[in-house]
Amino acid sequence: MKKKVIVIGGGYGGIRVMQGLSSVKELEIVLIDQNPYHYLQTEAYALIANKVTLTDVTVDLVALCRRYKNTEYIKATVSDIDLEKRIVHAQERPLAYDYLIIATGSRTDFPRSIRGLEKYSHGVKTLQRAFSFKQQFEYQLYERMQSEEDLFCKAFNVVIGGAGLSGVEIAAEMGHYAQKFIHDNRMLCDGIQIYLIASRAQVLNGMHPYLQKEAKARLEKLGVKVIYNTRIVEVTEKRVELNDKSTIDFDFMIFAGGIKASTLAKKIGCELNAKGQIAVTESLQVVCQKNVYAVGDIAALKDAQGRSIPATANGAEQSAEVVVKNIKAQLKGHRPQHAFIGLQGMMVALGGSNAAVVLYNTFKVSGILGHLLKRLITWRYKFLLDRHALKAYKKIQKER
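Criteria and cut-off values
Residues numbered from 1 in each chain as written. Predicted model: local features only at pLDDT ≥ 70, side-chain atom pairs only at ≥ 80, totals over all residues. Heavy atoms only, no water. Pairing = 2+ DSSP bridges. Helix = DSSP H or I, 4+ residues; strand = E, 2+ residues; numbered from the N terminus. Axes fitted to C-alpha atoms, helices over the stretch in contact; angles between N-to-C directions. Polar contact = N/O pair within 3.5 Å; in protein donor to acceptor, adjacent residues only side chain to side chain. 1 Å grid on protein atoms, 1.4 Å probe; cavity = no way out; pocket = protein on both sides within 12 Å on 5 of 7 lines; lining within 4 Å. Points joined across faces, edges and corners; volume = space filled by probe spheres on them. Nonpolar A, V, L, I, M, F, W, Y, C, P; charged D, E, K, R; others polar. Buried < 20%, exposed > 50% of the residue type's maximum accessible area, 1.4 Å probe, protein only. Salt bridge = Lys/Arg side-chain N within 4 Å of Asp/Glu carboxyl O.

Caption draft 1: Focus on the sheet that holds strand β22 (residues 363-366). The strand order across the open sheet formed by three strands is β20-β21-β22, and the pairing between neighbours is antiparallel. Of all the strands in the sheet, just β20 (345-349) and β22 have a single pairing partner and so form its edges. Each strand axis lies, on average, 5 degrees off the axis of its neighbour in the sheet, ignoring direction. In terms of strand pairing, β20 meets strand β21 (residues 355-359) through five bridges, oriented antiparallel. Across the sheet, the residue bridging to Gly345 is Leu359, located in β21.

Written out as structure tokens, the structure is:
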């Protein structure tokens, strides 16, 4: 009898696990996700700045899973996990498993200490939130065009809280989009202003100095106002108050100041870190069950030196590959191997045809060459998934 593997989450890590295990004849794979699509979250900055469409940032999970052998997709929300009985409850549908992989990622962390933050700001970790912001942003630009002949042009401010990877990419792309919008429409009524709130003395804190330098220079060129060493203390409907008592009026606010694990982490009853991420062993098994693994943002991943690994698609995919190898090893009666995860590179989109890239801590490139390299890596990833999904779609159409 085949052993059943349940993968919860159709993100970067979950898909990589499904792909890696689908060819194992002894296994039956079930991929569960509440959405029937895979969202390329790394492209959120481009979506909200109208650079790409919905089809550019999504892959159909139904068709994709049909392409792989021994694989089933279930659209459902997991309500509970019984580790003792090895059962996943997917909307009151009990599903037994032999191996479980939790890959539900992370969500925007809205600290409760910042009054009004979650109520009046947007996160872009989900496709729904990113798309909603995109629509509202476009409508505000339309309203701005309507005020072109008014005596006083309508001010339009966007505040972005958090100068990490997501915050910098969104600020740069929106800064570029604002410049292009005004220029292409020959608008005399300018004044679209992007503010980026950085809690540290630099943007991209903790990342490679080359990326920090390139990002700072690019943001300045785009006219993004970066406010350093400053924290948000309160958000009202149209205003942000900072810890130095100054305020900024805004039309829209995005918060990208941090993440925490998806709510599913709390349901398994195992040890969690301060971000709510599941504590895992060196082989990525959750500390309380050897037949349960966690990958990607929901796991407290560490490198060989014991340092926490930032939440990236690259980290999710590397952890997924480790889990694939370890489950295959367990099937053969071997012990799971330790994970040696280290980010192979970092890429930062910097608005328009501009990006900064560092690979293996040695190769560095920026500007249009960095943009082309980043686009090539992203295009290849999506092209391969789309190709599999298309083949399954064509096969289904013939069968009908």
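Structure shown, so let's carry the discussion forward.
Caption draft 2: Local environment of the sheet that holds strand β6 (residues 78-82). Taken together, the three strands give an open sheet; going across it, the order is β6-β7-β8, and neighbouring strands pair in antiparallel fashion. Where the open sheet ends on each side, the last strands, each with one partner, are β6 and β8 (93-96). Averaged over all neighbouring strand pairs, the angle between strand axes comes to 20 degrees, with direction disregarded. Two elements, β6 and strand β7 (residues 87-90), share four bridges in a ladder whose sense is antiparallel.

Caption draft 3: Inspection of the side chain of Lys382 at higher detail. By the secondary structure assignment, Lys382 is in helix α9 (residues 367-399). Here the side chain of Lys382 touches Thr58 through a polar contact of 3.4 Å, landing on its backbone oxygen.

Caption draft 4: Looking closely at empty space enclosed by the protein. Taken as a whole, this structure holds one cavity of 30 Å³ or more when the rule is applied. Here the largest cavity is characterised by a volume of approximately 60 Å³. In terms of lining, the largest cavity is formed by Gln277, Gly296, Asp297, Ala299, Leu301, Ile309, Pro310, Ala311, Thr312, Gly315 and Ala316. Along the lines of polarity and charge, the residues of the lining of the largest cavity split into six nonpolar, four polar and one charged.

Caption draft 5: Looking closely at unusual backbone geometry. Although it is not a glycine, Leu204 sits at a positive phi angle of roughly 55 degrees. On the secondary structure map, Leu204 appears in the loop between β12 (192-197) and α7 (209-221). The buried category is assigned to Leu204, whose relative accessible area is 0%. The phi dihedral of Asn229 is positive, around 50 degrees, even though this residue is not glycine. Structurally, the position occupied by Asn229 is in the loop between β13 (225-227) and β14 (232-235).

Caption draft 6: Inspection of the layout of surface pockets at higher detail. The volume enclosed by the second largest pocket comes to roughly 310 Å³. In terms of lining residues, the second largest pocket is bounded by 20 residues, among which Val280, Thr281, Glu282, Lys302 and Asp303 are the most central. Residues that form the lining of the second largest pocket fall into these classes: eleven nonpolar, five polar and four charged.

Caption draft 7: A look at the pattern of salt bridges. As enumerated under the stated definition, the model contains ten salt bridges in all. Here Arg16 makes a salt bridge to Glu321, at a shortest N to O gap of 2.6 Å. With Arg16 in helix α1 (residues 12-21) and Glu321 in helix α8 (residues 313-331), this residue pair connects regions lying 305 residues apart in the sequence. The shortest N-O distance in the salt bridge between Arg375 and Glu43 comes to 2.6 Å. With Arg375 in helix α9 and Glu43 in the loop between β3 (37-39) and α2 (44-48), the pair connects residues that are 332 residues apart, well separated along the chain.

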